[in-house]
Amino acid sequence: MAERFIGFHRRYRLHFQSRPRSVLKAAGDCLSGLMQAPANRKDMERMEEAVAGADEQQLQHMLSHSSRDHQAVMNQVALETDQQLGGGEESCLIIDESGFKKSGGHSAGVARQWCGRLGKVDNCQVGVFAALGRESRVCLVEGRLYLPREWTRDAERCRKAGIPPEHRVFKSKSQLALEMVSHQRRLGVRFSWVGVDGGYGKEPGFLRHLEAMGEVFVADVHCDQRLYLEDPKPEVPQRQRPRGRKPSRLKIRTPSVRVDRWAAGQPEEAWKRLTLRDGTGGELQVEALHRRVWLWNGEEAEAKCWHLIVRREVDSPRTIRHTLSNASANTPLERLARMQARRYWVERALQDGKSECGMADCQVRRWSAWHHHMALVFMSMLFMLEERLRAAESRPLSSCSDIEELLRHFLPKRALSKQEVIAQMHKRHRKRQTAIEAAYRKQRLVARLE
């Protein structure tokens, strides 16, 4: 496996070979470090301690200051993932976001915002990610850092974080998602539908943009989503009086309903029992409702007629998901429910990325460094995908954790003497002491200003 890992890195050398040789070596060391450094501590310092010949300063320079094109690396990951997972009826592109807890206010995009990993608002960075999947296999293929408005309104702050001028324009997470869907299509990545959670499904404009792009979507929506059970047939009302302005705005006469209230009023016999997938904990069984419904944004000449799927888990009937899809009208409920359930695997991919590939351990501040780090994480995840597919018949339970453990054992390790281990510990202590002293100095300065 170690030889395959080294050969895997060579497939990407074209993205590094025009740079100084130290950058090519540092990229390989960083990729190895994502596998060899201890779990949840895959920073540059720990990589230097674990990888034979690695140098912390070279690793930092490669991430923060090299001019390599992170998008070109992500593009190759996407195309090679497509060879493994794309082109099938079950191939899908799933969009999701993830937060990364950060201290201070200098890292690009950091702000007090919702962090899903912590389940609360906290100081963090947020990335929007695209994953290509088929059945139970999935791999991250693109990621973009979200910049809150407080960043895009502060040109000097953006300059210090190395954010290119063309990216200093506010883009919502749904805009970033649409750009990634479009980019993957232009690359030639093959998927049959796009899946999103309620954070994106709640935005009517986002779903309409996807449909206008020719994409089939399966989108969770919030419980307060309003819809129509009959076609509202928008029309401009007739003038009622000879005087006054002629009516020009579309009106409807059909009342809308909240999706959760409609579902709560359905009889028990309306729910259909489905088995969505097999798992290590047994079959995932759910009960589901299905209906064709209409949605109208107040401006369209015709309301959109889409599928509504309401799903509750058999073992947890209070866990209810509401989903809209513009799939063809004759798509059966079972297929729609299976499509909706596929979002589970991108959540697992993000979990593996953070637990096994150091996705959340990036200790850098610059815009380019964040994207360079993510490109290397995606490379690691693609290697893990290839290894799991290679072993699908002989070792069907192989996990990303298994592959990381094997690589940590078989890749060349830094040989450390007793004195070197102690020296590394002292180096970490010096850094911690410097950080502590800086914090106290900042406190004293603030106190004097007050």
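Residues numbered from 1 in each chain as written. Predicted model: local features only at pLDDT ≥ 70, side-chain atom pairs only at ≥ 80, totals over all residues. Heavy atoms only, no water.

Caption draft 1: Spatial organisation of empty space enclosed by the protein. The full count for this structure, using the stated rule, is 2 cavities of 30 Å³ or more. Within this model, the largest cavity holds a volume of roughly 60 Å³. Along the walls of the largest cavity sit Phe100, Lys102, Gln125, Met359, Ala360, Asp361, Cys362, Val364, Trp370 and Met374, which together make up its complete lining. Residues that form the lining of the largest cavity fall into these classes: 7 nonpolar, 1 polar and 2 charged. Empty space within the second largest cavity amounts to approximately 50 Å³. Around the second largest cavity, the lining residues are Ile94, Trp193, Gly195, Val196, Val218, Ala219, Asp220, Met339, Gln340, Arg342 and Arg343. Where the lining of the second largest cavity is concerned, the elements lending two or more residues are β5 (193-196), β6 (217-221) and α12 (333-341). (1 Å grid on protein atoms, 1.4 Å probe; cavity = no way out; pocket = protein on both sides within 12 Å on 5 of 7 lines; lining within 4 Å. Points joined across faces, edges and corners; volume = space filled by probe spheres on them. Nonpolar A, V, L, I, M, F, W, Y, C, P; charged D, E, K, R; others polar. Helix = DSSP H or I, 4+ residues; strand = E, 2+ residues; numbered from the N terminus.)

Caption draft 2: Layout of the nonpolar core. Residues Ile95, Phe129 and Leu140 are the most contacted members of the largest nonpolar core, which totals 116 residues. For this core, the element with the highest residue contribution is helix α14 (residues 367-390), accounting for 14 residues. Not counting residues up to four positions away in its chain, the partners in contact with Leu140 are Val77, Phe129, Ala130, Ala131, Val346, Leu350, Met359, Phe378 and Met381. (Core = buried A, V, L, I, M, F, W, Y, C linked by side-chain atoms within 4.5 Å. Buried < 20%, exposed > 50% of the residue type's maximum accessible area, 1.4 Å probe, protein only. Contact = heavy atoms within 4.5 Å.)

Caption draft 3: Quick peek at the pattern of salt bridges. Scanning the model with the defined rule gives 31 salt bridges in all. A salt bridge links Arg112 to Asp122, with the shortest nitrogen-to-oxygen separation between them at 3.9 Å. Here Asp122 lies in strand β3 (residues 120-134) and Arg112 lies in strand β2 (residues 111-115), a separation of 10 residues in the sequence. Judged by relative accessible area, Arg112 falls into the exposed class, the value being 58%. Here Asp122 falls in the buried class, since its relative accessible area comes to 12%. Of the charged contacts in the structure, one is a salt bridge between Lys171 and Glu179, with a shortest N-O distance of 2.8 Å. You can call Lys171 partly exposed: its relative accessible area is 25%. The partly exposed category is assigned to Glu179, whose relative accessible area is 26%. The structure contains a network of salt bridges with shared partners spanning Asp96, Asp197, Asp220, Arg321, Arg343 and Glu347. (Salt bridge = Lys/Arg side-chain N within 4 Å of Asp/Glu carboxyl O.)

Caption draft 4: Expanded view of the packing of aromatic side chains. Summed over all chains, the structure comprises 11 aromatic pairs. Ring plane angle 75 degrees and centroid distance 6.2 Å describe the contact between Phe100 and Phe129, whose orientation is recorded as edge-to-face. Taken together, the residues span a long stretch of sequence, with Phe100 in strand β1 (residues 91-101) and Phe129 in strand β3 at a distance of 29 residues. The exposure class of Phe129 is buried, given its relative accessible area of 1%. Pairing Tyr146 with Phe170 gives two aromatic rings, centres 6.1 Å apart and planes at 75 degrees, and the pair type is edge-to-face. Within this pair, whereas Tyr146 is found in the loop between β4 (137-145) and α6 (149-152), its partner Phe170 is found in the loop between α7 (155-160) and α8 (173-187), the two being separated by 24 residues in sequence. Through successive ring pairs, a cluster of aromatic residues spans Phe5, Phe8, Tyr12 and Phe383. (Phe/Tyr/Trp six-rings, centres within 6.5 Å; stacked < 30°, edge-to-face > 60°.)

Caption draft 5: Region of interest: the environment of His65. Within the fold, His65 resides in the loop between α4 (56-64) and α5 (70-85). Spatially, the C-alpha atoms of His65 and Gly162 are 9.5 Å apart, while their sequence positions differ by 97 residues. Residue contacts for His65: discarding those within four places in its chain leaves Gln60 and Arg366.

Caption draft 6: Spatial organisation of unusual backbone geometry. A positive phi angle, near 55 degrees, is found at Glu135, a position not held by glycine. Position of Glu135 among the secondary structure elements: in the loop between β3 and β4. A positive phi angle, close to 45 degrees, is found at Lys233, a residue other than glycine. Within the secondary structure, Lys233 sits in the loop between β7 (226-227) and β8 (257-258).

Caption draft 7: Seen up close, the layout of surface pockets. By volume, the largest pocket is sized at about 1200 Å³. Lining the largest pocket are 43 residues, with Ser136, Arg277, Asp278, Tyr344 and Trp345 positioned closest to its centre. Those elements giving two or more residues to the lining of the largest pocket turn out to be α5, β4, β9 (272-279), β10 (282-295), α12, α13 (343-356), α14 and α15 (400-410). Per element, the largest residue contribution to the lining of the largest pocket is 6 residues, and it comes from α13. A class-by-class count of the residues in the lining of the largest pocket yields 18 nonpolar, 10 polar and 15 charged. In this structure, the second largest pocket occupies an estimated 740 Å³ of space. Lining the second largest pocket are 20 residues, with Lys102, Ser103, Ser107, Gln363 and Arg365 sitting closest to its centre. Taken together, the residues that form the lining of the second largest pocket break down as 3 nonpolar, 9 polar and 8 charged.

Caption draft 8: Molecular detail of the side chain of Glu300. With respect to the secondary-structure elements, Glu300 resides in the loop between β10 and β11 (304-313). Excluding anything up to four places from it in sequence, Glu300 contacts Arg208, Pro234, Leu250 and Leu295.

Caption draft 9: Examining the pairing of strand β12 (residues 316-325) more closely. Summarising the sheet, β6 and β12 pair through 4 bridges and their orientation is antiparallel. Along β12, the bridge assignment pairs Val218 with Ser325. Between β11 and β12, which follow one another and run antiparallel, lie 2 residues. (Pairing = 2+ DSSP bridges.)

Caption draft 10: Representation of the pairing of β1. Where burial is concerned, most of β1 is hidden: 9 out of the 11 residues are buried. Pairing of β1 with β3 involves 11 bridges; the strand directions are antiparallel. Bridging across to β3, Lys101 finds its partner in Cys124. Two elements, β1 and β5, share 3 bridges in a ladder whose sense is parallel. Paired with Cys92 across the two strands is Trp193, which belongs to β5.

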